[in-house]
Amino acid sequence: MPVTTTSPAWTDAPVRVGLVGAGPWARAVHAPVLAAGPETRLTSVWARRPEAARETAAPHGAAVAATFEELLDDCEAVAFSVPPSVQAELAPRAAEAGKALLLEKPLALDLSSARRLVDAIDASGVVSQLVLTNRYHPATRKFLAEARALDVSGARSCCLSGAFLGGDFATPWRLEHGALLDLGPHVLDLLDAALGPIVRVRGAGDPRRWVELTCEHDSGAVSQASLSGSVDVERGITRIELFGRHPELVFDGGALDHEESWPVLRREFATAVRSGRSGELDAHRGLRLQTLIAQAMEG
């Protein structure tokens, strides 16, 4: 995957990042994005399968760490591209070692594990950032700015794909836990950011097939979201439609070229690390999303 660099010149030393994980997402996104620089440098890769770690590290001239502890010794920040349960186990140890964290969504498989991770981050005072892909795209930021200026009455949205039907992302944790944990963070984040904080969310359906969410916002708006990773669509659909006493405002995530997101994500993470201050999309944002997911699971 080509990763372009269009940001202004970076004058600080690159942030030395170690990567935990060597699956398809790590190979396609984390490794090339972090290696592209100039804000970051991929120093090493650790995975529970050493051969996969070698395949991920080699194209970028990164080392292969023999252990997680060895990876921590060779970096100042750690990026995670592993199942949520593994992230929840290892990320607190990285935080306790004083490493900045680039985290995947969801933070964990359950709310209590997510809270323990955030508590460890707060106790250590390290920087954290979430890989919420859509949020780093200029078109998403334009949509959110326009949405916040409107008096929205209601919204409908969907995030649909066939990822669970087969292929690289039909992974055991996704097949077991389904769309609410995998796709829910993306949609809930955008609805919460566009319409104002969600104060109540109710869910119905089977996360392994199809889930419907109804969200009440503190603005008085009501939004709905349809989630599925088990439908046969030609390409993934991520769409949000906002309605009120204004022309319909639409966000079409399926039309985005995510190559435009990665340089923004990399620059903002490196800036947070060098400044010592996390941005808006930090682990606390992840915990809020995990809290909403837990509420939706209650029905």
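Residues numbered from 1 in each chain as written. Predicted model: local features only at pLDDT ≥ 70, side-chain atom pairs only at ≥ 80, totals over all residues. Heavy atoms only, no water.

Our next topic: the confidence of the model for the protein chain. In regions of low pLDDT, the predicted coordinates are not meant to be interpreted in detail. Scored by pLDDT, the protein chain has a mean of 96; 98% of the residues are at 70 or more. In the predicted structure, residues 1–5 sits below a pLDDT of 50 and forms 19 contacts with residues beyond four places in sequence or in another chain. (pLDDT = per-residue confidence, 0-100. Contact = heavy atoms within 4.5 Å.)

This part covers the layout of surface pockets. Of the pockets and cavities examined, the largest pocket occupies roughly 1300 Å³. Lining the largest pocket are 45 residues, with Trp25, Lys105, Phe169, Arg174 and Asp182 positioned closest to its centre. Elements represented by at least two residues in the lining of the largest pocket include exactly helix 1 (24–36), helix 4 (84–96), strand 7 (152–160), helix 7 (172–177) and strand 11 (237–244). In terms of residue count, helix 1 provides more of the lining of the largest pocket than any other element does, four residues in total. Of the residues in the lining of the largest pocket, the class split is 22 nonpolar, 14 polar and nine charged. For the lining of the second largest pocket, the secondary-structure elements that each account for two or more residues are helix 6 (138–148) and helix 10 (262–275). When grouped by side-chain class, the residues that make up the lining of the second largest pocket number four nonpolar, three polar and six charged. (1 Å grid on protein atoms, 1.4 Å probe; cavity = no way out; pocket = protein on both sides within 12 Å on 5 of 7 lines; lining within 4 Å. Points joined across faces, edges and corners; volume = space filled by probe spheres on them. Helix = DSSP H or I, 4+ residues; strand = E, 2+ residues; numbered from the N terminus. Nonpolar A, V, L, I, M, F, W, Y, C, P; charged D, E, K, R; others polar.)

So, about the sheet that holds strand 4 (residues 77–80). Read from one edge of the open sheet, six strands run 3-2-1-4-5-6, paired in parallel fashion. The strands lining the two open edges of the sheet, one partner per strand, are strand 3 (63–64) and strand 6 (128–130). Relative to strand 5 (residues 100–103), strand 4 runs parallel, the two sharing three bridges. Across the sheet, residue Ala79 finds its bridge partner in strand 5, namely Leu102. The strands that helix 1 touches are strand 1 (15–20), strand 2 (40–46), strand 4 and strand 5; relative to strand 2, the one it contacts most, it runs at about 140°. (Pairing = 2+ DSSP bridges. Axes fitted to C-alpha atoms, helices over the stretch in contact; angles between N-to-C directions.)

Moving on to helix 4. The terminal C-alpha atoms of helix 4, which comprises 13 residues, lie 19 Å apart, in line with the 18 Å expected from a rise of 1.5 Å per residue. Considered for burial, the residues of helix 4 that qualify are Pro84, Val86, Gln87, Ala88, Leu90, Ala91, Pro92, Ala94 and Ala95. Phi turns positive one or two residues past the end of helix 4, at Gly98, with a value near 85°. (Expected span 1.5 Å × (residues − 1). Buried < 20%, exposed > 50% of the residue type's maximum accessible area, 1.4 Å probe, protein only.)

With that settled, the discussion passes to empty space enclosed by the protein. Inspection of every chain in the model, using the stated rule, returns two cavities of 30 Å³ or more. When its volume is computed, the largest cavity comes out at roughly 50 Å³. Every residue lining the largest cavity is listed: Val29, His30, Val33, Leu34, Leu102, Val131, Trp262 and Leu265. Elements that contribute at least two residues to the lining of the largest cavity include exactly helix 1 and helix 10. Size it by volume and the second largest cavity reaches roughly 40 Å³. In terms of lining residues, the second largest cavity is bounded by Lys105, Pro106, Leu107, Leu130, Pro185, Gly286, Leu289, Gln290 and Ile293.

Viewed as axis vectors pointing N to C, helix 6 and helix 9 (residues 184–195) meet at an angle of 40°, and their least axial separation amounts to 7 Å. Here helix 6 lies oblique to helix 9, going by the angle between them. Between helix 6 and helix 9, the contacting residues are Thr140, Phe143, Leu144, Ala147 and Arg148 on the first element and Leu190, Ala193 and Ala194 on the second. (Parallel < 35°, antiparallel > 145°, perpendicular 65-115°, else oblique.)

Turning our eyes to something else, we now look at helix 2 (residues 50–57). Turning to helix 2, its buried residues are Ala52, Ala53, Thr56 and Ala57. Buried residues in helix 2, looked at end-on, bunch into an arc of 130°, giving them a common side. Tucked into the core, helix 2 has its buried residues touching strand 1, helix 1, strand 2 and strand 3. (Arc of directions from axis to C-beta.)

Following Gly37, the chain continues to Pro38 via a peptide bond in cis, the omega torsion being 5°. Within the secondary structure layout, Pro38 lies in the loop between helix 1 and strand 2. The omega angle of the peptide bond from Lys105 to Pro106 is -10°, so this bond is cis rather than trans. By the element assignment, Pro106 lies in the loop between strand 5 and helix 5 (111–124).

On to the sheet that holds strand 8 (residues 198–206). Across the sheet, six strands lie side by side as 8-9-10-7-11-12; this open sheet has mixed pairing. Two strands close off the open sheet at either side, each with one partner strand: strand 8 and strand 12 (246–252). This sheet shows a mean twist of 10° between the axes of neighbouring strands, independent of strand direction. Along the sheet, helix 6 makes contact with strand 7, strand 11 and strand 12, crossing strand 12 at roughly 155°.

Before going further, it helps to examine the side chain of His30. Residue placement: His30 occurs in helix 1. Contacts of His30, omitting those with residues within four sequence positions, involve Leu19, Trp25, Ala79, Phe80, Ser81, Glu104 and Val131.

Moving on, we come to the packing of aromatic side chains. Summed over all chains, the structure comprises four aromatic pairs. When the centroid spacing of 6.1 Å and the interplanar angle of 75° are considered together, the rings of Trp25 and Phe169 count as edge-to-face. With Trp25 in helix 1 and Phe169 in the loop between strand 7 and helix 7, this residue pair connects regions lying 144 residues apart in the sequence. The class for Phe169 is partly exposed, based on a relative accessible area of 32%. Relative accessible area serves as the criterion here: at 26%, Trp25 is assigned to the partly exposed category. (Phe/Tyr/Trp six-rings, centres within 6.5 Å; stacked < 30°, edge-to-face > 60°.)

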